[in-house]
Amino acid sequence: MNTFVSALREQRWDDHRYYHHSTINQTLHLISATSFVVAYVLLFVDPALAALVAWLISMVSRQSGHFFFEPKGYDHLNQATHEHKEEIKIGYNLRRKVVLMAIWAASPLLLVWEPGMFGLIEPHQTAWGFVRNVGWMWLYVGVGGLVFRVLQLWVIKDLYTGIVWATKIVTDPFHDIILYHKAPAALMRGEMMDPGHGRAHRQP
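Residues numbered from 1 in each chain as written. Predicted model: local features only at pLDDT ≥ 70, side-chain atom pairs only at ≥ 80, totals over all residues. Heavy atoms only, no water.

Colleague: Help me out: how do you make sense of helix 7 (residues 127-156) in this one?
Modeller: Because each turn of an α-helix spans 3.6 residues, side chains separated by three or four positions end up pointing in the same direction. For helix 7, built from 30 residues, the straight-helix expectation of 44 Å at 1.5 Å per residue is met to within 8% by its first-to-last C-alpha distance of 43 Å. Regarding helix 7, the residues found buried are Gly 129, Asn 133, Val 134, Gly 135, Met 137, Trp 138, Val 141, Gly 145, Arg 149, Val 150 and Leu 153. For helix 7, the elements touching its buried residues are helix 3 (47-69), helix 5 (94-106), helix 6 (108-113) and helix 8 (159-180). (Helix = DSSP H or I, 4+ residues; strand = E, 2+ residues; numbered from the N terminus. Expected span 1.5 Å × (residues − 1). Buried < 20%, exposed > 50% of the residue type's maximum accessible area, 1.4 Å probe, protein only. Contact = heavy atoms within 4.5 Å.)

In structure tokens, the structure reads:
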């Protein structure tokens with residue numbers, strides 16, 4: 001158990017120090033994390049609505065932070081190029097995220113072609129029914145993306161790494177709220193980059 005916790009902490013630390021310098025990105029992650037927690041609660045009540053919240057609010061805000069606001073030049077603090085960080089990324093780097101987000105955006109077209117999604121859901125009869133079925137579709141895309149990367153990590157590294165990463169992804173919303181709850185205040189003070197990244201910022 002101690003080894004698992006240490007591996008989880010290491011993956012979280014690497015993710016934070018490499019990919020979350022911008023306070024705009026951190027603020028968007030706080031929005032994302034909060035809405036993900038709401039989606040987790042909804043998952044037990046209305047899974048389709050939970051998926052709509054998770055993708056339309058949580059994922060869009062989270063990935064917008066990475067794509068548009070996080071610096072992509074040379075990382076002097078970690079002495080690493082953007083290309084190097086992309087290469088060693090355990091989870092979804094920007095290239096993989098482009099593929100995942102493209103699948104997410106295009107997936108509703110399947111419901112136009114096959115409303116019943118090959119028997120997995122009841123075909124929609126109304127516009128709201130279509131929206132809810134899109135939610136079910138996106139739920140499958142989310143679970144599929146998680147499982148697919150775990151299997152990839154099993155092949156290129158080991159299953160243990162994949163399980164640790166999956167645990168990190170599922171629990172990230174709670175961790176991000178703790179980690180980035182001060183980001184909006186820092187952003188309002190005009191601190192565009194996390195000042196913690198500019199100090200002797202050691203792994204906790």
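Let's pick the thread back up.
Colleague: I would appreciate a short explanation of the packing of aromatic side chains in the present structure.
Modeller: Centre distance and the angle of the planes are the two values used to describe a pair of aromatic rings. The final tally for this structure, using the stated rule, is seven aromatic pairs. Pairing Phe 4 with Tyr 160 gives two aromatic rings, centres 6.1 Å apart and planes at 85°, and the pair type is edge-to-face. A residue pair is termed long-range when its members are at least 10 positions apart, and Phe 4 in helix 1 (residues 2-19) and Tyr 160 in helix 8 qualify at 156 residues. On the numbers, 6.3 Å between centres and 40° between planes, the contact of Phe 36 with Tyr 40 is tilted. Pair noted here: Phe 36 and Tyr 40 are both in helix 2 (residues 23-43), with a separation of four residues, about one helical turn. On the accessibility criterion, Tyr 40 (23% relative accessible area) is partly exposed. Among the aromatic residues, those joined into a cluster by ring pairs are Phe 36, Tyr 40 and Phe 174. (Phe/Tyr/Trp six-rings, centres within 6.5 Å; stacked < 30°, edge-to-face > 60°.)

Colleague: Explain helix 1 to me, please; I cannot follow it from the model alone.
Modeller: With 18 residues, helix 1 should reach 26 Å at 1.5 Å per residue; the first-to-last C-alpha distance of 25 Å fits that figure. Residues Ala 7, Leu 8, Gln 11, Arg 12, Trp 13, Asp 15, His 16, Tyr 18 and Tyr 19 constitute the buried set of helix 1. Residues of helix 1 that are buried sit in contact with helix 2, helix 3, helix 4 (82-88) and helix 8.

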